[in-house]
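Per-entry structural report
So you can see what is in the structure, the chains are spelled out below.
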Amino acid sequence: NQKREVSFSVPEAYPARPLTIAGGGCCGTGVIAAADDRGIDTLCIDNAAALGGTNSVGGVCNLWYGRKTKAFADNFTKFGAENDVNNAPAFFDFAHKSKNISLLLLTAICGTEVDGRSIKGLYICTPTGLAKIAVDKCIDTTGDGSLAGWSGCEYHFGNTRDEMTLWASLGIYAGGASRRGYYEAWRQFLSPCDERDPIDTARIVQSMRRF
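Description of the structure in this document. If you're wondering where the values come from, they're calculated on a predicted model, not measured in any experiment.

What counts as what
Here, residues in each chain are numbered from 1, in the same order as that chain's written sequence. Confidence filtering applies because this is a predicted model: local features only for residues at pLDDT of at least 70, side-chain atom pairs given and counted only at 80 or more, and all residues used for totals across whole chains, interfaces and linings. Based on all heavy atoms of the structure, the side-chain values leave hydrogens and waters out of the count. The criterion for strand pairing is that DSSP finds at least two bridges linking the strands in question. Note on conventions: DSSP H or I runs of at least 4 residues are helices, E runs of at least 2 residues are strands, and numbering of each starts at the N terminus. Patches were defined on residues exceeding 30% relative accessible area and lacking a salt bridge, with like-charge contacts within 9 Å and nonpolar side-chain contacts (Val, Leu, Ile, Met, Phe, Trp, Tyr) within 5 Å. Throughout, the Shrake-Rupley method with a 1.4 Å probe supplies accessible areas, and for residues the shown protein chains are the sole cover considered. By salt bridge we mean one thing: a side-chain nitrogen of Lys or Arg within 4 Å of a carboxyl oxygen of Asp or Glu. Summary of the burial criterion: residues with accessible area below 20% of their type's maximum are buried, those above 50% are exposed, and those between are partly exposed, where the area comes from a 1.4 Å probe applied to protein chains only. Here a pair means two rings of Phe, Tyr or Trp (six-membered ring of Trp) with centres within 6.5 Å. Their orientation is stacked below 30 degrees between planes, edge-to-face above 60, and tilted elsewhere.

A few words now on the sheet that holds strand S1 (residues 13-14). With respect to topology, four strands assemble into an open sheet ordered S1-S7-S6-S5, the strand pairing being mixed. Bordering the open sheet on either side are S1 and strand S5 (108-115), each of which pairs with just one other strand. Examined bridge by bridge, S5 and strand S6 (residues 118-126) share seven bridges and lie antiparallel to one another. Bridge assignment links isoleucine 109 to a residue of S6, and that residue is isoleucine 124.

Right under this line is the structure:
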């Protein structure tokens, strides 16, 4: 193995907005709505090409969080969305028309700069290379707490009891699974996966593709 020295200089930071949202998925869009209500100058960063996360690019186009409260309905009304397959354009149009919201889509966050217990900067991957954004206040809505993990916070993967990080769905909704003898596939979330383990992750990927 050959070793080489590589010179690296930390990029200068783009100025901070009063609020930075890391992740424009289900939680991030809710924060966008709340920030807009309060007139907060906000930057939302997401590595996808559209807002909505699971509720749009993730293909789950009708979310239900256990109780369809008035606040849940009001949020979709605010975006002009129907909680259906047209969510992503509605989310984007709302953010684009807002004077308070700016978007950085197709932008992956790859690291944090920390001062004590506060995140002071985010490193992002851009088409022209590594860049840095200064942070005033940041809300981590990445879903798996990436920013907290990178910043050295104490955290557990998944549930503190079993630390499982993914419950893989093996469901076949048209009933084909039972006809082929895979009766366990009628039920969802039967196979927990520890994403920290490459062998277990490979196992679950193979299981999910076996049909």
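Taken together, the side chains of Phe8, Val10 and Leu130 present a nonpolar region at the surface, about 310 Å² in accessible area. In this structure, leucine 130 sits in strand S7 (residues 129-134). Leucine 130 gets classed as partly exposed once you look at its relative accessible area, which sits at 40%.

Enumeration over the complete set of coordinates arrives at three aromatic pairs. The interplanar angle of 40° and the centroid separation of 6.3 Å between the aromatic rings of phenylalanine 76 and phenylalanine 91 together place this pair among those described as tilted. Taken together, the positions of phenylalanine 76 in helix H2 (residues 70-79) and phenylalanine 91 in helix H3 (residues 87-97) put the pair 15 residues apart, joining distant regions of the chain. Like phenylalanine 76, the residue phenylalanine 91 is buried in the burial classification. Centre to centre, the rings of phenylalanine 79 and phenylalanine 94 are 4.8 Å apart; their planes meet at 75°, and the pair counts as edge-to-face. Taken together, the positions of phenylalanine 79 in helix H2 and phenylalanine 94 in helix H3 put the pair 15 residues apart, joining distant regions of the chain. Phenylalanine 94 carries the same exposure label as phenylalanine 79, and that label is buried.

The next thing to look at is the environment of glycine 145. Residue position: glycine 145 is located in the loop between strand S8 (137-140) and helix H4 (146-150). Expressed as a C-alpha distance, the spacing of glycine 145 and alanine 22, which sit 123 residues apart in the sequence, is 9.7 Å.

These results come straight from atomic positions and should not be treated as a statement about function.
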